[in-house]
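Architecture at a glance
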Amino acid sequence: MTVRTIEVRERVMARNDELAAGVRERLAAAGVPAFNLVSSPGSGKTLLLERTLERLGDRLRMAVVTGDVQTRNDADRLAARTDRLVQAVVTNGACHLDASQVAAALDAVDLEDTDLLFIENVGNLVCPASWDLGETAKIVVFSVTEGEDKPVKYPKMFRMARYAVLNKVDLLPHVDFDVDRAVAFARRVNPDLEFFLTSARTGEGLREWTDFLESEARRPSLHGTGGAYGATTGVRARRGG
Amino acid sequence: MSLALEVCRIAEEHVGTEGLGDVRTVVLEVGDDAGVEVSNLEFCLEALLSSPPFGAARPVIEPATGDVFRVKYLEVET
């Protein structure tokens, strides 16, 4: 018996990254910014998107791709809020979307008739951080019921995100959650992270959120340096909510 | 787990499905800034590489600097 060595020297993410580059090219050619919403399960991504579709549906042509391990529940909820296509990807056990799934989902989307694309990733703060989907930016959503130290416990996700939404701020009077500490933890991991403080349930902070999305959808360049609301401004504006 | 599955896919690409039972070692380089939890990855790889279609392969993870994360080479019994 002999043992032979097969040289590989292949980046583990190379294949996905190639597909993601293709997605990014398609989106750029059509001038469509794409936001990949990532979070732990239960942070409120779907309700935030429902409210977003309601508020911006008459001004922006928005498409949505949702990822779930099982069921189309999120896609069904979102489809009830828009006449436009909501593409459901059931990952059958995988803890994240990958670029091939997004590329396939986009085949059914008329990008020339789209202003903004949302990708609602599988609820998981680990795996989706490693997978580029060709998006313009990742937006990490976390909620005040989750603990302020999420950013340092899951640093890669917060490092890979350009924006953060701190959701469920209507619950702040009822939970031990210090917004300043949470923001400080996040900035320790990613000093450039821009924050939105929202309650998808009560509507608090949604004006800033939708203004940001609208400005991004109308921005000539898809890969600008940030949204209309700086993190400090956003945090100050919503403090004590 | 998804990263471990991707490593297995790369191994399969290089030896073919039939050859997976002969793989003995999968050597990876993982950088300290790769964002990979090495012990988790190792755990998942050990589970996958010791189950069909693999035979009794084991992962070897070589630490590196930076964000490198790649399959370096495979050792295959012939």
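Residues numbered from 1 in each chain as written. Chains lettered and ligands numbered in written order. Predicted model: local features only at pLDDT ≥ 70, side-chain atom pairs only at ≥ 80, totals over all residues.

1. Quick word on the interface of chain B and chain A
Convention followed: Here, residue contact means that the backbone-derived C-beta atoms of the two residues sit within 7 Å. Strands here are runs of E lasting at least two residues and helices are runs of H or I lasting at least four, both read from the DSSP assignment and numbered beginning at the N terminus. In short, DSSP must find at least two bridges between two strands for them to pair.
Contacts between the two partners involve 20 residues from chain B, matched on the other side by 20 residues from chain A. Residue assignment for the side of chain B that touches chain A shows that the elements contributing at least two residues are helix H1 (2–15) and strand S3 (69–77) of chain B. At nine residues, S3(B) tops the list of elements feeding residues into the side of chain B that touches chain A. Across seven bridges, strand S1 (residues 3–11) of chain A lies against S3(B) in antiparallel orientation. When the sheet's bridge partners are listed, Glu7(A) is paired in S3(B) with Tyr73(B).

2. Points about the confidence of the model for chain B
Here is the rule we go by: Confidence of the prediction at every residue is given by pLDDT, a number between 0 and 100.
Chain-level pLDDT for chain B is 92 on average; 100% of the residues reach the 70-or-more range. Confidence metrics for the complex model read pTM 0.85 and ipTM 0.91.

3. Comments concerning helix H2 (residues 45–56) of chain A
Stated formally: To estimate the expected span of a helix, subtract one from its residue number and multiply by 1.5 Å. In this scheme every C-beta is placed from the backbone, and a residue whose C-beta has 20 or more other C-beta atoms within 10 Å is buried, one with 12 or fewer is exposed, and one in between is partly exposed.
Compared with an ideal rise of 1.5 Å per residue, which puts twelve residues at 16 Å, H2(A) spans 16 Å between its outermost C-alpha atoms and is within 8% of the ideal. If you check which residues of H2(A) are buried, you get Lys45(A), Thr46(A), Leu48(A), Leu49(A), Arg51(A), Thr52(A), Leu53(A) and Leu56(A).

4. Considering helix H7 (residues 179–189) of chain A
Residues and elements named next belong to chain A. As a reminder of what qualifies: By construction, the arc corresponds to the directions joining the helix axis to the C-beta atoms.
Burial in H7 covers these residues: Ala182, Val183 and Ala186. Relative to the axis of H7, the buried residues are bounded by an arc of 95 degrees and lie together on one face. The exposed residues of H7 that point more than 90 degrees off its buried face are Asp180, Arg181 and Arg188.

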